[in-house]
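Coordinate analysis (summary)
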Amino acid sequence: MLKVTNLNYTVDGTQILHDVSLEVHPGEFVGILGPNGSGKSTLLKNIYKVLKPQSGAIELQGKNLLAMSNREMAQHLAVVGQEHEGSFDFLVEEVVLMGCQARKRLTDGFDESDRQAAMKALRRVELEHLSQRSYLSLSGGEKQRVMIARALVQDTPLMILDEPTNHLDIGSQIKTLHLLKASGKTVVAALHDLSIAAKYCDRVYVLQDGKNVVSGVPAEIITPELIHRLYDIDAALFTHRGELYLEYRS
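Residues numbered from 1 in each chain as written. Predicted model: local features only at pLDDT ≥ 70, side-chain atom pairs only at ≥ 80, totals over all residues. Heavy atoms only, no water.

The number of helices and strands found in the protein is 9 helices and 12 strands. Relative to its length of 250 residues, the protein is compact, with a C-alpha radius of gyration of 18 Å against a globular reference of 18 Å. Its C-alpha atoms give the protein principal-axis dimensions of roughly 55 × 40 × 30 Å. Across the 250 residues in the protein, those meeting the buried criterion constitute 48%. For the protein, restricting intrachain contacts to residue pairs at least 6 apart in sequence, the fraction spanning at least 24 positions comes to 62%. Just so you have it, the protein exposes about 12300 Å², and 49% of that area is on carbon and sulfur atoms. (Helix = DSSP H or I, 4+ residues; strand = E, 2+ residues; numbered from the N terminus. Rg over C-alpha atoms; globule rule 2.2 N^0.38 Å. Buried < 20%, exposed > 50% of the residue type's maximum accessible area, 1.4 Å probe, protein only. Contact = heavy atoms within 4.5 Å. Areas by Shrake-Rupley, 256 points an atom, 1.4 Å probe, with all protein chains shown as cover.)

Time to look at the side chain of R145. Following the sequence through the fold, R145 ends up in helix α5 (residues 140-154). No salt bridge forms around the buried R145; measuring N to O, its nearest opposite-charge neighbour E126 is 4.6 Å away. The residues touching R145, leaving out its near neighbours within four places in the chain, are V125, E126, L127, L168, S172 and T176. (Lys, Arg positive; Asp, Glu negative; His and termini not counted. Salt bridge = Lys/Arg side-chain N within 4 Å of Asp/Glu carboxyl O.)

This part is about the sheet that holds strand β5 (residues 63-64). Ordered in space as β2-β1-β4-β5, the 4 strands form an open sheet in which the pairing is antiparallel. Lying at the two open borders of the sheet, with one neighbouring strand each, are β2 (14-24) and β5. With 7 bridges joining them, strand β1 (residues 2-11) and β2 adopt antiparallel strand pairing. Following the sheet pairing, L7 is matched in β2 by V20. Seen against the sheet, helix α1 (residues 40-47) touches β1, β2 and β4 (55-60) and runs at an angle of roughly 115° to β1. (Pairing = 2+ DSSP bridges. Axes fitted to C-alpha atoms, helices over the stretch in contact; angles between N-to-C directions.)

Here is the structure:
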């Protein structure tokens, strides 16, 4: 589905990514882990072409992603970033409808099937009742869920999410991650919470200082030693009913 090979990115003379590589297979939920400043968001922005790497390759479904037009890319992957502010206000329904635009010509309007798809996506994130509200009037967590609804409407096989649980309360975090996991889509998500990564990710890639540290199944690679290396804190790990839990110690 997605293959990144030896990606390098430099800004203002500082190299942020150093030969970063990863592979994502169809249907996987893959997490990108690492401390602040490790390069997680920069890696994702290179993948969805907000930033341009100095060297390296990115393939999406066997095609050179860097050579794709933005329109073609939008038909294959949907993005939910961290920042959702805009200069212009729209209704919530209108924001979600924008997810349909990737498969339309610029002059095409939205039809009833588009509106039904938008309302279905809003129901999935439990925001149908806010469809006629001003988007800019929403809380940070509500905006995040609207962006996830827009990505669902875009109906791409791959979703790229940068901190998808950012701004969400605990209940919304769990519901959102269940929704993403059950969507049947391939998901790549930058995550901070290691417990969430352990519960929902099929595999994870760990970055530190813009470099690949380790990758694999969360239960095998998320260890007290790795946590101490990345975050300089001590942690104990234990399992309950087959799920991994972490206890942090000061």
